[in-house]
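Structure at a glance
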Amino acid sequence: MANGNLKLAIQKSGRLSEKSLQLLRTCGLDIENYSNRLIVTTRNYELDLLFLRDDDIPEYVQDGVADVGIVGEDVVIEKEADVEMIKKLGFGKCRLMLAGPENEDIKEIQEINGKRVATSYPKILANYFRDNKIQAKIIQISGSVEIAPSLGVADYICDIVSTGNTLKLNKLKKYMTVFDSEAVLIGNKNIEKDSDKYSKLKNLIVRIESALNAKNSKYLMMNVPKDSLERVREVLPSLKSPTILPLADESMLAVHAVIPSDMFWEIQKDLHEAGASGLLLVPIENMIL
Ligand code: ATP
Ligand code: ZN
């Protein structure tokens, strides 16, 4: 499809699909119902969405089949793709961990020397062993890595751990973190040479940054007696000065401020004690700093 549109690859069906679409919609892209199509053009932006298997995305971006892609950092590193890591996206977080029998305890990474470790991430594990100067045998397995120790195929495993329930079922426990991953925006290394596409990409990045900033912030509104204003201001984070508006009741003011999402529950009691009332916390859709 040589229509000059920016081509963005996202996971067709899996853990990252919904969140990737959600992020793009928050960026203001009008994406029609894609119902199993490979390529979808957005209605209000010069962008084609390519729905692909996540494992194929790094290589397609490297080869220019897609200009950019959203994929797990773990997959990018594992595929050793030569692409630009543009931005971490704050979702699809997961942790690759070294794990092994419950009745063993590994405190020093050196204890892995000479052992066999099963994983479906041989490249990431090899990097980890190289960085830590470990000599161990990597057994590559494509699925159900957690059964390898009980089959006698390996001594330990290196796998994505979320709740730890799968480990427990297999009488294994976590030892140490090998790699922290999240969804990332990756780009083809030659995109700068196409100035038209490059400017579309820069615009997309601004939109993504605005959506991510907004996700991390909330808009707080409250009523404050005039003589409590200073105390309330002391409680508010000092990122930006708040907006202060008069109210019909002349002894009162309305105070509005943008605060980090996770801060509200820390400061709401202090705000109350400082004299604020009628606290209203609302989401922000986009925020350009
Ligand atoms: P397939 O290739 O068969 O479509 P997959 O296992 O590669 O499946 P998903 O399971 O959808 O694909 O995972 C996609 C990405 O989501 C992973 O590469 C990883 O970055 C991220 N992820 C986040 N949490 C988890 C988790 N608990 N388990 C596995 N991956 C996770
Ligand atoms: Zn996959």
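Refer to the structure printed above.
Residues numbered from 1 in each chain as written. Chains lettered and ligands numbered in written order. Predicted model: local features only at pLDDT ≥ 70, side-chain atom pairs only at ≥ 80, totals over all residues. Heavy atoms only, no water.

**With respect to a nonpolar patch on the surface**
Where we set the bar: Surface patches are drawn from residues lacking salt bridges whose relative accessible area is over 30%; two like charges belong together within 9 Å, two nonpolar side chains (Val, Leu, Ile, Met, Phe, Trp, Tyr) within 5 Å. In these tables, accessible area is a Shrake-Rupley quantity obtained with a 1.4 Å probe, and a residue counts as shielded only by the protein chains included in the view. We define a salt bridge as a side-chain nitrogen of Lys or Arg found within 4 Å of a carboxyl oxygen belonging to Asp or Glu. Numbering of helices and strands runs from the N terminus, with a helix taken as a DSSP run of H or I at least four residues long and a strand as a DSSP run of E at least two residues long.
A grouping of Ile147, Leu151 and Val153 is seen on the molecular surface, where their side chains present a nonpolar patch of about 250 Å² in accessible area. When you line up the elements, Leu151 lands in helix H5 (residues 148-151).

**Regarding the coordination of the zinc ion (ligand 2)**
We count it as follows: Nitrogen, oxygen and sulfur within 2.8 Å of a metal are treated as its donors, or within 3.2 Å for sodium, potassium and calcium (Na, K, Ca); water is not counted, so a site can appear incomplete. Square planar and octahedral sites, with four and six donors, are those where opposite donors lie more than 155 degrees apart and all other angles lie between 65 and 115, tetrahedral sites have four donors with every angle between 85 and 135 degrees, and the rest are irregular. Partly exposed describes any residue whose relative accessible area lies between the buried limit of under 20% and the exposed limit of over 50%, with all areas from a 1.4 Å probe on protein chains only and scaled to the type maximum.
Surrounding the zinc ion (ligand 2) are the protein donor atoms Asp54 (OD) and Asp55 (OD), at 1.9 to 2.1 Å. Taken together, the four donor atoms surrounding the zinc ion (ligand 2) define angles of 70 to 158° at the centre, an arrangement classified as irregular. For Asp54, a relative accessible area of 18% translates into the label buried. What makes Asp55 partly exposed here is its relative accessible area of 25%.

**Some remarks on the sheet that holds strand S9 (residues 156-161)**
This is how the line gets drawn: Strands were regarded as paired on the criterion that DSSP finds at least two bridges between them. Lines fitted to C-alpha atoms define the axes here, with helix axes fitted over just the stretch in contact, and angles between the N-to-C directions of these axes take values from 0 to 180 degrees.
With mixed pairing, five strands are arranged side by side in an open sheet as S8-S7-S9-S6-S10. At either margin of the open sheet sits one strand with a lone partner, and together these are strand S8 (137-140) and strand S10 (172-181). On average, each strand axis in the sheet is inclined to that of its neighbour by 30°, with strand direction left out of account. Examined bridge by bridge, strand S6 (residues 94-101) and S9 share five bridges and lie antiparallel to one another. Note on S9: the bridge partner recorded for Ala99 is Ile157.

**Looking at the site of ligand 1**
Operational definition: Being near a molecule or strand, for a residue, comes down to having at least one heavy atom within 4 Å of it. Any pair of N or O atoms that falls within 3.5 Å is considered a polar contact. Within protein, one atom must be able to donate a hydrogen and the other to accept it, and sequence-neighbouring residues count only if both atoms are side-chain atoms. Residues are grouped as follows: Ala, Val, Leu, Ile, Met, Phe, Trp, Tyr, Cys and Pro are nonpolar; Asp, Glu, Lys and Arg are charged; all remaining types, including Gly, are polar. Each domain's extent was defined by an automatic or database domain assignment.
Taken together, 16 residues are adjacent to ligand 1, and Gln11, Arg15, Arg53, Asp55 and Asp74 come closest. One of the side-chain nitrogen or oxygen atoms of Asp55 is found 2.9 Å away from an oxygen atom of ligand 1. For ligand 1, an oxygen atom lies 2.8 Å from a polar atom in the side chain of Asp74. Of the residues belonging to the shell around ligand 1, the class tally is four nonpolar, six polar and six charged. Taken domain by domain, the shell around ligand 1 gets at least three of its residues from each of domain 1 (6-92 + 183-214) and domain 2 (94-181).

**Considerations on the environment of Leu49**
Keep this limit in mind: Any two residues whose heavy atoms approach within 4.5 Å at even a single point are treated as in contact.
Here Leu49 is to be found in strand S3 (residues 47-52). Sequence spacing of Leu49 and Ala99 is 50 residues, and the spatial spacing of their C-alpha atoms is 38 Å. Aside from chain neighbours lying at most four places away, what touches Leu49 is Leu8, Ile10, Leu21, Leu24, Ile31, Leu38, Ile39 and Val40.

**Focus on the nonpolar core**
So the rule is basically this: Each nonpolar core is a collection of buried residues, namely Ala, Val, Leu, Ile, Met, Phe, Trp, Tyr and Cys, held together in the definition by side-chain atoms within 4.5 Å.
Leu8, Leu49 and Leu89 are the most contacted members of the largest nonpolar core, which has 29 residues in total. Those elements that provide at least two residues to this core are strand S1 (6-11), helix H1 (17-26), S3, strand S4 (68-72), strand S11 (183-187) and helix H7 (195-215). Contacts of Leu89, omitting those with residues within four sequence positions, involve Leu23, Ile70, Glu182, Ala183, Val184, Leu185, Ile208, Leu212 and Lys215. Grouped together as the second largest cluster of nonpolar side chains are 18 residues, Tyr121, Leu125, Tyr128 and Tyr156 included.

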